[in-house]
Amino acid sequence: MLSQQTIDIIKSTVPVLEMHGKAITTRFYQILFAKHPELLHIFNHANQKQGRQQTALANAVYAAAAHIDNLEAILPAVKQIAYKHRSLGIKPEHYPIVGENLLAAIKDVLGDAATKEIINAWAEAYGVIADAFISVEEGMYREAEEAEGGWRDFRPFEVVQKVKESEVITSFYLKPLDGGKLPSFLPGQYISVKMTIPGQAYTHIRQYSLSDRPGKEYYRISVKREDGAGETPAGIVSQYLHEQVKEGDILPISAPAGDFTLDMTKETPVVLLSGGVGLTPMMSMLQAIVECQPNRRVTFIHAARNSLTHAMREQVTAAVSGHPQSVSYVVYSEPTEADRTHGSYDREGFIDLPWLQSVLPDQHAEFYFCGPVPFMKGVYRALREWGVPEERIHFEFFGPMGSLVE
Ligand code: HEM
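Please read these numbers as outputs of a predicted model, since none were measured by experiment. (Residues numbered from 1 in each chain as written. Predicted model: local features only at pLDDT ≥ 70, side-chain atom pairs only at ≥ 80, totals over all residues. Heavy atoms only, no water.)

A. Quick peek at the pairing of strand S8 (residues 298–304). Burial runs high along S8: seven of the seven residues are buried. Side chains Val298, Phe300, His302 and Ala304 of S8 all project onto a buried face; the interleaved residues Thr299, Ile301 and Ala303 project onto the opposite face, where all are buried too. The pairing of strand S7 (residues 270–275) with S8 spans six bridges and is classified as parallel. Within the sheet, the bridge partner assigned to Val271 lies in S8 and is Thr299. (Buried < 20%, exposed > 50% of the residue type's maximum accessible area, 1.4 Å probe, protein only. Helix = DSSP H or I, 4+ residues; strand = E, 2+ residues; numbered from the N terminus. Pairing = 2+ DSSP bridges.)

B. Layout of the sheet that holds S7. Taken together, six strands build an open sheet; the order of strands is S10-S9-S8-S7-S11-S12 and the sheet is parallel. Every interior strand has two partners, whereas the edge strands, strand S10 (347–348) and strand S12 (393–396), have only one. Here helix H9 (residues 279–292) sits on the sheet in contact with S7, S8 and strand S11 (366–370), set at roughly 150° to S7. (Contact = heavy atoms within 4.5 Å. Axes fitted to C-alpha atoms, helices over the stretch in contact; angles between N-to-C directions.)

C. Structural detail: the packing of helix H5 (residues 75–88) against helix H7 (residues 116–146). Between H5 and H7, the least distance of the axes is 9 Å, while the angle of their chain directions is 55°. The angle between H5 and H7 places the two elements in the oblique class. Crossing hand, H5 versus H7: right-handed. Residues Leu75, Val78, Lys79, Ile81, Ala82, Tyr83, His85 and Arg86 of H5 form the contact with H7, whose own contacting residues are Phe133, Val136, Glu137, Met140, Tyr141 and Ala144. Its residues assigned to classes, the contact of H5 with H7 shows ten nonpolar, one polar and three charged. (Parallel < 35°, antiparallel > 145°, perpendicular 65-115°, else oblique. Left-handed = near helix turned anticlockwise from the far one by under 90°. Nonpolar A, V, L, I, M, F, W, Y, C, P; charged D, E, K, R; others polar.)

D. Here's a closer look at the pattern of salt bridges. Taken as a whole and judged by the stated rule, the model has 19 salt bridges. Note that Glu138 is salt-bridged to Arg142, the shortest N-O span being 3.4 Å. Taken together, the residues span about one helical turn, with Glu138 and Arg142 both in helix H7 at a distance of four residues. The class for Glu138 is partly exposed, based on a relative accessible area of 27%. Across the pair Asp227 and Arg225 runs a salt bridge, and its minimum N-O distance is 2.8 Å. According to the relative accessible area criterion, Asp227 is partly exposed, its value standing at 42%. A network of salt bridges, in which partner residues are shared, links Glu138, Arg142, Glu145 and Arg152. (Salt bridge = Lys/Arg side-chain N within 4 Å of Asp/Glu carboxyl O.)

E. Representation of the nonpolar core. With 53 residues, the main nonpolar core has Ile10, Phe28, Leu32 and Trp122 as its most contacted residues. Sorting the residues of this core by element identifies helix H1 (4–19), helix H2 (21–35), helix H4 (52–66), H5, helix H6 (94–110) and H7 as the ones contributing at least two each. Sort the elements by how many residues they give to this core and H7 lands first, with eleven residues. Excluding anything up to four places from it in sequence, Phe28 contacts Leu57, Val98, Asn101, Leu102 and Ala105. (Core = buried A, V, L, I, M, F, W, Y, C linked by side-chain atoms within 4.5 Å.)

F. Here's a closer look at the UniProt feature "active site" (unreviewed entry) in the protein. Annotation from UniProt places "active site" (unreviewed entry) at Tyr95 and Glu137. Judged by maximum C-alpha separation, these annotated positions cover 43 residues in sequence but sit close together in space, the widest gap being only 11.9 Å. Residue placement: Tyr95 occurs in helix H6. Those residues in contact with Tyr95 that sit more than four places away from it in its chain are His85, Ile90, Tyr126, Ala130, Phe133, Ile134 and Glu137. The topology assignment puts Glu137 in helix H7. Each residue touching Glu137, except ones within four places of it in the same chain, is listed here: Ala82, His85, Arg86, Ile90 and Tyr95. (UniProt positions renumbered as here; feature names shortened; annotations may be inferred.)

And the structure:
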């Protein structure tokens with residue numbers, strides 16, 4: 001139990017740390033990796049370089065600290081992060097390392113303003129926050145391990161099939177090397193792949209949504225090749241998967257995780273909206289509904305640049321045609337001449353509210369969406385404008401968490 005005095009110190013210093021948030025966490029990562037280079041096997045170097053993870057961790061620590069006397073209130077956020085940690089293989093013994101270096105960074109950045117009293121209060125508060133994460137994560141490890149066919153950390157999988165889905169997206173069909181069972185998962189969940197790339201000093205771990213329905217004898221992921229443009233570097237892992245990984249290769253995989261999932265206990269109509277490679281969790285949701293919920297109404301809306309980058313079109317058509325309650329629409333932002341000739345899309349441009357209103361009977365549905373940030377912002381704004389309540393809006397960011405509301 002934290003004393004009232006400690007709680008008061010924490011609450012009064014949260015805004016100060018928030019103000020210096022970026023500087024503190026940037027410093028934190030510098031000293032963390034200098035002292036513990038082995039952690040570079042776990043952290044995403046690309047996120048580090050672009051400063052994305054810095055903001056995510058800072059925000060989470062301050063949000064937790066601001067609720068230090070009522071951590072229950074932020075349990076959904078804790079769970080989401082804990083799933084990510086569990087998927088990455090974060091262990092209880094990692095927490096003191098992070099805590100120690102975070103405090104050192106606070107001291108470095110705040111200088112004399114960081115009194116002994118303040119540092120002690122934050123050390124205590126960090127301990128409470130860390131314990132909350134460790135206990136939620138332990139529950140998740142146990143759940144993953146105890147599921148039928150389940151496992152705890154990484155398990156070797158064989159790439160049994162590699163299928164090109166579009167000019168930029170390729171699917172990998174994965175089966176456990178030990179020939180054992182595969183646990184089920186909830187449509188929308190992701191797995192982590194741990195990659196050892198020749199010439200790279202550290203392993204790289206990446207999350208990919210499962211893109212087929214549960215209940216198959218394989219897991220499927222579908223990966224976009226990130227070629228890099230402008231400020232954004234090429235994706236070292238996605239390039240390696242596309243160019244080098246072949247059928248028969250072995251990839252270590254962690255068990256399915258994540259809370260962006262379709263509630264299959266409901267029969268409420270569903271609208272699945274995706275942009276680009278954001279279609280992967282939506283494919284899993286669509287296939288699961290088609291397989292298990294013959295009476296559930298589902299609208300599948302996919303936005304791509306044009307037919308060249310449009311993945312899994314035939315799979316969607318096949319799924320929808322076998323399910324009378326479902327319908328699909330295609331939105332192209334830059335259709336090719338051939339697309340225009342064949343009329344192979346339903347809308348040119350972007351998804352906006354008037355168009356959504358023209359294709360959906362009403363807004364009484366559960367809305368799920370995933371895609372690039374501008375797409376997500378557009379969809380979110382349109383749905384809120386239409387009056388869809390927050391609790392029926394579900395979305396997932398690829399990469400570090402972000403915000404749709406500015
Ligand atoms: C991801 C918070 C402890 C390693 C994240 C994210 C948040 C976060 C908000 C982003 C989640 C997302 O993108 O969905 C925290 C908090 C911690 C903590 C509040 C302490 C209470 C740790 C520890 C480790 C760790 C002890 C291991 C040394 C990671 C890694 C990622 C991550 C590797 C993935 C992102 C990346 O690779 O850059 N954490 N974390 N975290 N966390 Fe933590």
